[in-house]
Amino acid sequence: MKQVLHPLEYKYDALEPVIDAKTMEIHHSKHHSTYVDRLNEALAKHPELKMELDEMISNLNKVPEDIRIAVKNNGGGHLNHSLYWEIITPDKKKREFKGEVADAIVKEFGSFEKFKELMIDSGMKRFGSGWAWLVLNKGKLEICSTANQDSPLSEGKKPLLCIDVWEHAYYLKFMNKRMDYLKEIWNVINWKKVDELFL
Ligand code: MN3
């Protein structure tokens, strides 16, 4: 099934000053767009495949071997970025840390501050490119990280929140300071969306 790059629900400069407009523009219109194009090139080789993308990423062994790596990398890239754009927002009302997921986070990790610390640590420890995640693993909240464009779905985990730690996500503004990006992104997290995914 042909995949589509959806436009963002906000303008490229809407997350300034936390994430700069140029980073957003290149990240979405070039990086994300390339994942979608490469994914479609791979899927075109198997028009008989009727699985949804998340189903494919959750069951990579069911994807034809000749396109499996392409689907893992580019399909993962498409899914991961689609979630990333949704869990950040310019809407201040949606940025409030509240809801059932907030209660569950405090219960699981002790406090919001402690949770952030663990997420930042997860992003900092990812060597090279990848993602830091808050996921549900068999109903339990868990922090983890993946390499490249790997998705927690491939490990049977449900993604709730993701932070892109590829350099392309932060380098123009934060340069080599991944830590500063990981500290600032909390100002634009869409907790309303994370709560919806949790429920
Ligand atoms: Mn990215």
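As the structure is a computational prediction, the values presented were derived from the model and not from experiment.

**Quick look at the domain arrangement of the protein chain**
How big an interface is tends to be expressed through the accessible area that disappears when the partners come together. Domain parsing of the protein chain yields domain 1 (21-87) and domain 2 (92-198). A separation of 20 Å is found between the C-alpha centroids of domain 1 and domain 2. With 21 residues of domain 1 at the interface, the matching set in domain 2 holds 27 residues. The junction of domain 1 with domain 2 conceals about 1800 Å² of combined surface from both sides, 60% of it contributed by carbon and sulfur atoms. Counting the surface domain 1 buries against domain 2, the share from its top three residues, Asn80, Tyr84 and Ile87, is 35%.

**As for the sheet that holds strand β1 (residues 130-137)**
Working definition: the strands of a sheet are paired by backbone hydrogen bonds and lie parallel or antiparallel to each other. On the basis of which strands lie adjacent, the open sheet formed by three strands has the order β2-β1-β3 and antiparallel pairing. The sheet is open, and its two borders are formed by β2 (140-147) and β3 (158-164), each paired with just one other strand. Each strand axis lies, on average, 25° off the axis of its neighbour in the sheet, ignoring direction. As paired elements, β1 and β2 share eight bridges and run antiparallel to each other. Bridge pairing in β2 links Val135 to Glu142. Together, β1 and β2 form the strand contacts of helix α4 (residues 100-109), whose direction differs from that of β2 by roughly 85°.

Cut-offs used in this document
Residues numbered from 1 in each chain as written. Predicted model: local features only at pLDDT ≥ 70, side-chain atom pairs only at ≥ 80, totals over all residues. Heavy atoms only, no water. Domains from an automatic or database assignment. Contact = heavy atoms within 4.5 Å. Buried area = accessible area lost by both parts, 1.4 Å probe. Pairing = 2+ DSSP bridges. Helix = DSSP H or I, 4+ residues; strand = E, 2+ residues; numbered from the N terminus. Axes fitted to C-alpha atoms, helices over the stretch in contact; angles between N-to-C directions.

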